[in-house]
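The lines below spell out each chain.
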Amino acid sequence: QVQLLESGGGLVQAGGSLRLSCVASGRVFGINDMAWYRQSPGKQRELVATISSGGNTVYADSVKGRCTISRDNAKNTVYLHMDILKPEDTAVYYCNAEVDNSGSTLYLEYWGQGTQVTVSS
């Protein structure tokens, strides 16, 4: 019914930048909060940043000042721009969104399949 598709991951050297994108498609009547999470091998999935439908943002302490989350509501898309990347940023990055898929204003949580970000030292 609803798919979240991430793109933009890859291999980058420490100090470099990347921009991740995630587009929601399918039966999308509205989107509430959108977020990026990440998971490294052997670690739990952790929140990177969230953005509300009104544009309010929250960042993990580990990425504050280095990452910017933004969204284009007309395109059902959320972005994560990451600067000054560090090897410890290496992880699979997952998109998360609360989506109304029926027009009832009941929002369900969806996840993307993830995109790999690898930062070399």
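Anyway, here's the lowdown on the structure attached to this text.

Basis of the calculations
- Residues numbered from 1 in each chain as written.
- Predicted model: local features only at pLDDT ≥ 70, side-chain atom pairs only at ≥ 80, totals over all residues.
- Heavy atoms only, no water.
- Helix = DSSP H or I, 4+ residues; strand = E, 2+ residues; numbered from the N terminus.
- Rg over C-alpha atoms; globule rule 2.2 N^0.38 Å.
- Buried < 20%, exposed > 50% of the residue type's maximum accessible area, 1.4 Å probe, protein only.
- Areas by Shrake-Rupley, 256 points an atom, 1.4 Å probe, with all protein chains shown as cover.
- Disulfide = S-S within 2.5 Å.

Focus: the overall build of the protein chain
No. 1: Secondary structure assignment for the protein chain yields zero helices and 11 strands.
No. 2: Compactness check: the protein chain gives a C-alpha radius of gyration of 14 Å against a globular reference of 14 Å for 121 residues, within 12% of the reference.
No. 3: Going through the 121 residues of the protein chain one by one, you find that 41% of them count as buried.
No. 4: When the accessible surface of the protein chain is totalled, it reaches about 6300 Å², and 48% of it is carbon and sulfur.

Remarks on the state of the cysteines
No. 1: Scanning the model with the defined rule gives one disulfide in all.
No. 2: Residue pairing for Cys 22: its cysteine sulfur links by disulfide to Cys 95, the two sulfurs lying 2.1 Å apart. Taking the sign of the S-S torsion, about -80° here, the bridge from Cys 22 to Cys 95 comes out left-handed. Taken as a pair, Cys 22 in strand E3 (residues 18-26) and Cys 95 in strand E9 (residues 91-100) lie far apart in primary sequence, 73 residues in all. Both residues of the pair, Cys 22 and Cys 95, belong to the buried class.
No. 3: With no disulfide of its own, Cys 67 lies 15 Å from the sulfur of Cys 95, the closest cysteine sulfur.

Some remarks on unusual backbone geometry
No. 1: A positive phi angle, close to 55°, is found at Asn 76, a residue other than glycine.
No. 2: Relative to the helices and strands, Asn 76 is located in the loop between strand E7 (67-72) and strand E8 (77-82).
No. 3: Positive phi values are uncommon outside glycine, yet Thr 105 reaches one of about 65°.
No. 4: Accessibility expressed as a relative area gives 58% for Thr 105, which makes it exposed.

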